[in-house]
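Observations on the model geometry
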Amino acid sequence: MRWRMLLLLFLARIGLGFQFQTLGSVSDDLIEDVGLDYAEVGALIGVFMVPGLFLALPAGFAGRYFSDRAIAVFSLVAMAFGSVVSGMADDIWTIGAGRVLAGAGFVFSTLYFTKMTTEWFAGREIATAMSVLVMSWPFGIAMGQIGHEWLAGITNWRWPFYTTSVYCALAALALLLLYRPPAPTDAVKVSRGIGLSGHELKLILLAGVAWGVFNAGYVTYLAFAPLMLEAQGQTAFKAAAIVSVGSWIMIVSGVVCGQIVDRTGRPDIVLTLCMIGAAAALALLTVNGGGLLASLLFGLVGMAPAGVIIALSGKAMRPDRRALGMGLFFTVYYAFMATGPLLSGWIYETTSRPFAPILFGILLFAAVVPVNFLFQKVKANEAAVDGSTLAARPAVSI
């Protein structure tokens, strides 16, 4: 039953990446038809994440009053409606309003898809299950990179938005009809305590930064790698197809990477090597004819440790403090995801060179390594503290 539920959650969560990719895939059409510039496109990509800055913490507590399924269904409906609003728009403000609405649904769905998976797999192949769930995001993005570009080419830029609306609506219906929660005895018991110790606060902030810069680097790659390839003479469709190869590969490499880490117990070494691979892949984009190799390296190595990085959040706090901790974790994540694309777009607008935001992406991936090092150092200091002393520390109110 739990694997069937994971498959259902995976298929539904594909809609998150599929929806997010719409703006990036039709950006050239929006520039031509709506009169946007690249900085405004970057802002519209980033505004999708802005609701997370304000809703991540409230979302963490919504489960006290509503079922996980109800929240997940409602969030997917919000994403579907947001896509319709953007698709019907004729100006940046209405497109942005639709993106904000869809982004609000994204906040709740991200938290509760994770929570639902955790409750089904707590103590049983949780690492594998989380890696599978996380890979639904690049799967949806890869679908969008090919599907949205093709659909916009044969119709117009509005239809990719309408298509993602239909997908999210069908996913909501599937969850409503098919999802079943685990038996009460198997579900994770959540305490109503909300305080975090000083160590936990540091750890969850560092985990959020690591996850935030990693994903900001990924979004920068998605937005500007195709432009880099187009500058080398590729058509828009072929450039999107080449870049999407990495997203398809990481669906498998992410799960494999999680297994390697579980078996070797060396997450820091694996993570460092993967971030070197990510930086090298982005650098390869500057080489004529190196686009496919860059995409292969990026998907096979660079994005493989996604599950390893998000797992830091689970190591950062006691199980009975996850409500506040996960909300804080995603608040930091959304801060980076909201500002990263905006800064990337501004860099490109200022320099008119596609390599400039790609270089910014390289720096983002490189930053994951020292942030992880600091996390492990704080974690080691926490482990050195006697358990009774740690328990006696007052909680930090935030």
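Please read these numbers as outputs of a predicted model, since none were measured by experiment. (Residues numbered from 1 in each chain as written. Predicted model: local features only at pLDDT ≥ 70, side-chain atom pairs only at ≥ 80, totals over all residues. Heavy atoms only, no water.)

**Things to note about the pattern of salt bridges**
Inspection of the entire model under this criterion finds two salt bridges. Lys115 is the partner of Asp68 in a salt bridge, and the nearest nitrogen-oxygen pair spans 3.0 Å. Highlighted residues: Asp68 in helix α5 (residues 68-87) and Lys115 in helix α6 (residues 92-121), separated in sequence by 47 residues. Its salt-bridge partner being Arg158, residue Asp90 comes within 2.5 Å of it at the nearest N-O pair. You can see Asp90 sitting in the loop between α5 and α6 and its partner Arg158 sitting in helix α9 (residues 158-178), a full 68 residues away along the chain. (Salt bridge = Lys/Arg side-chain N within 4 Å of Asp/Glu carboxyl O. Helix = DSSP H or I, 4+ residues; strand = E, 2+ residues; numbered from the N terminus.)

**Concerning the environment of Gln232**
Topologically, Gln232 is positioned in the loop between α10 (198-231) and α11 (236-264). Each C-alpha atom of the pair Gln232 and Asp68 lies 47 Å from the other, and the pair is 164 residues apart in sequence. Apart from residues lying up to four places away in sequence, Gln232 is in contact with Leu285, Thr286, Val287, Asn288 and Gly289. In terms of polar contacts, Gln232 uses its side chain to reach the backbone carbonyl oxygen of Leu285, at 2.6 Å. (Contact = heavy atoms within 4.5 Å. Polar contact = N/O pair within 3.5 Å; in protein donor to acceptor, adjacent residues only side chain to side chain.)

**Describing the packing of α10 against α11**
It is the contact of α10 with α11, at a shortest axis distance of 8 Å, that shows an interaxial angle of 145 degrees. Every pair of crossing elements has a handedness; the one defined by α10 and α11 is right-handed. Contact residues: Tyr218, Tyr221, Leu222, Ala225, Pro226, Leu229 and Glu230 in α10; Ala236, Ala239, Ile242, Val243, Ser247 and Met250 in α11. For the contact of α10 with α11, the residue count by class is 11 nonpolar, one polar and one charged. (Axes fitted to C-alpha atoms, helices over the stretch in contact; angles between N-to-C directions. Left-handed = near helix turned anticlockwise from the far one by under 90°. Nonpolar A, V, L, I, M, F, W, Y, C, P; charged D, E, K, R; others polar.)

**Regarding a nonpolar patch on the surface**
On the surface, Val166, Leu170, Leu173, Leu176, Leu177 and Leu178 cluster together into a nonpolar patch covering about 580 Å² of accessible area. Structurally, the position occupied by Val166 is in helix α9. Of the residues examined, Val166 reaches a relative accessible area of 48% and is grouped as partly exposed. (Patch = residues over 30% accessible without salt bridge, like charges linked within 9 Å, V, L, I, M, F, W, Y side chains within 5 Å. Areas by Shrake-Rupley, 256 points an atom, 1.4 Å probe, with all protein chains shown as cover. Buried < 20%, exposed > 50% of the residue type's maximum accessible area, 1.4 Å probe, protein only.)

**Thoughts on the packing of aromatic side chains**
For the coordinates displayed, the defined rule picks out 21 aromatic pairs. Relative to Phe214, the ring of Trp211 has its centre 5.9 Å away and its plane inclined at 20 degrees; by these criteria the two rings are stacked. Of this pair, Trp211 and Phe214 both sit in helix α10, three residues apart, which is roughly one turn of that helix. Taken individually, Trp211 and Phe214 each receive the classification buried, so the pair is uniform in this respect. With a centroid separation of 3.9 Å and an interplanar angle of 20 degrees, the aromatic rings of Tyr221 and Phe298 are classed as stacked. Taken together, the residues Tyr221 in helix α10 and Phe298 in helix α13 (residues 291-302) connect sequence positions 77 residues apart. The residues Tyr221 and Phe298 share a single accessibility class, namely buried. (Phe/Tyr/Trp six-rings, centres within 6.5 Å; stacked < 30°, edge-to-face > 60°.)

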